[in-house]
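Survey of secondary and tertiary structure
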Amino acid sequence: MTTASVPADGDPRRLLSDVRALTRQVRLDQRVTWLALLVLATVTLVGIPFDWFGMTVRCLPDGGCEFSRRGVLYYWPPALLLAYATIAVCYVRAARARGLGSRVLPYAITGAVTTLVFTAAWVAAALYFPSHPLPEQPLPYWWLLLDRLLTPWSMIGIALLVLARLERNLALGLFTVGYLAMVLLVLPMNNGWGPPHWSIRAGMALPQLVSATVLLLGAAGFAAARRRHR
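The notes below deal with the structure included here. The structure displayed is predicted, hence computed values, not measured ones.

1. What to know about the environment of Ser154
With respect to the helices and strands, the residue Ser154 is situated in helix H6 (residues 152–167). Looking at Ser154, the relative accessible area reads 0%, which means it is buried. Ser154 sits 36 residues away from Phe118 along the chain, and the two C-alpha atoms are 9.6 Å apart. The residues touching Ser154, leaving out its near neighbours within four places in the chain, are Arg148, Leu149, Leu180, Val183 and Leu184.

Written out as structure tokens, the structure reads:
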């Protein structure tokens, strides 16, 4: 980023316009939004085989099946913490390369907190449900919404809202709202197809694949927008 001196006797309106333009340029130079989305998309994609092969499925004689997603619990907490640490380091390096400060720490903290919330909820569920039946069927809507909210891909969206606020990035905020609406209102699709063992795994993998694809598309879009503004 380059700067130019402005005469002290310049037009106040022009000075104000120059300050606003400089402030906007600084904000743009601080953003590495595409990289954050790329890291999170990669983590989501890599998590699919962990969930698939780490899931245990036991089908009963009456046709019902029980499953346990141990792969999610073992993979996602360290993967998310590593992802947020990587994003924070990249943001700091990008800012320092331009002689700027970075405000990414609150985002990293939010990511760590949401990871702890997700982990605690899944551990509690793993301990509680084996000895307690599920509520009446069909499950109430609020139950399904809470279940979707406590998935790792939902927690990614919550942390992205904080990043959008820190960057004052309206485009990222709108993208994240759309992403969360998709995750909470459309995904996950828990209805499988085909043989039970395969269909349950596929039904759980599909939401992660769709979420990762949306994050990848977002990364590509923000990277293209960044190149245009340079």
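There is more to say, and it comes next.
2. Describing the packing of aromatic side chains
A full pass over the atoms with the stated rule returns six aromatic pairs. For the ring pair Trp76 and Trp153, a centre distance of 5.7 Å and an interplane angle of 65° mean the geometry is edge-to-face. Here Trp153 lies in helix H6 and Trp76 lies in helix H3 (residues 70–97), a separation of 77 residues in the sequence. An identical accessibility class is assigned to Trp76 and Trp153; each is buried.

3. A look at the packing of helix H2 (residues 33–54) against H6
Relative to each other, H2 and H6 sit at 175°, their axes nearing to 12 Å. The angle between the axes of H2 and H6 places the two elements in the roughly antiparallel class. Facing Thr33, Ala36, Leu37, Leu40 and Thr44 of H2, the residues of H6 in contact are Ile156, Leu160, Leu163 and Glu167. For the contact of H2 with H6, the class distribution of residues is six nonpolar, two polar and one charged.

4. What to know about the pattern of salt bridges
Enumeration according to the criterion identifies one salt bridge in this entry. Put simply, Arg69 and Asp51 hold a salt bridge, and the shortest N to O gap is 2.6 Å. Of this pair, Arg69 sits in strand S2 (residues 65–69) while Asp51 is found in helix H2, placing the two residues 18 residues apart along the sequence. For the pair shown, Arg69 and Asp51 are each scored as buried.

Quick notes on the rules
- Residues numbered from 1 in each chain as written.
- Predicted model: local features only at pLDDT ≥ 70, side-chain atom pairs only at ≥ 80, totals over all residues.
- Heavy atoms only, no water.
- Helix = DSSP H or I, 4+ residues; strand = E, 2+ residues; numbered from the N terminus.
- Buried < 20%, exposed > 50% of the residue type's maximum accessible area, 1.4 Å probe, protein only.
- Contact = heavy atoms within 4.5 Å.
- Phe/Tyr/Trp six-rings, centres within 6.5 Å; stacked < 30°, edge-to-face > 60°.
- Axes fitted to C-alpha atoms, helices over the stretch in contact; angles between N-to-C directions.
- Parallel < 35°, antiparallel > 145°, perpendicular 65-115°, else oblique.
- Nonpolar A, V, L, I, M, F, W, Y, C, P; charged D, E, K, R; others polar.
- Salt bridge = Lys/Arg side-chain N within 4 Å of Asp/Glu carboxyl O.

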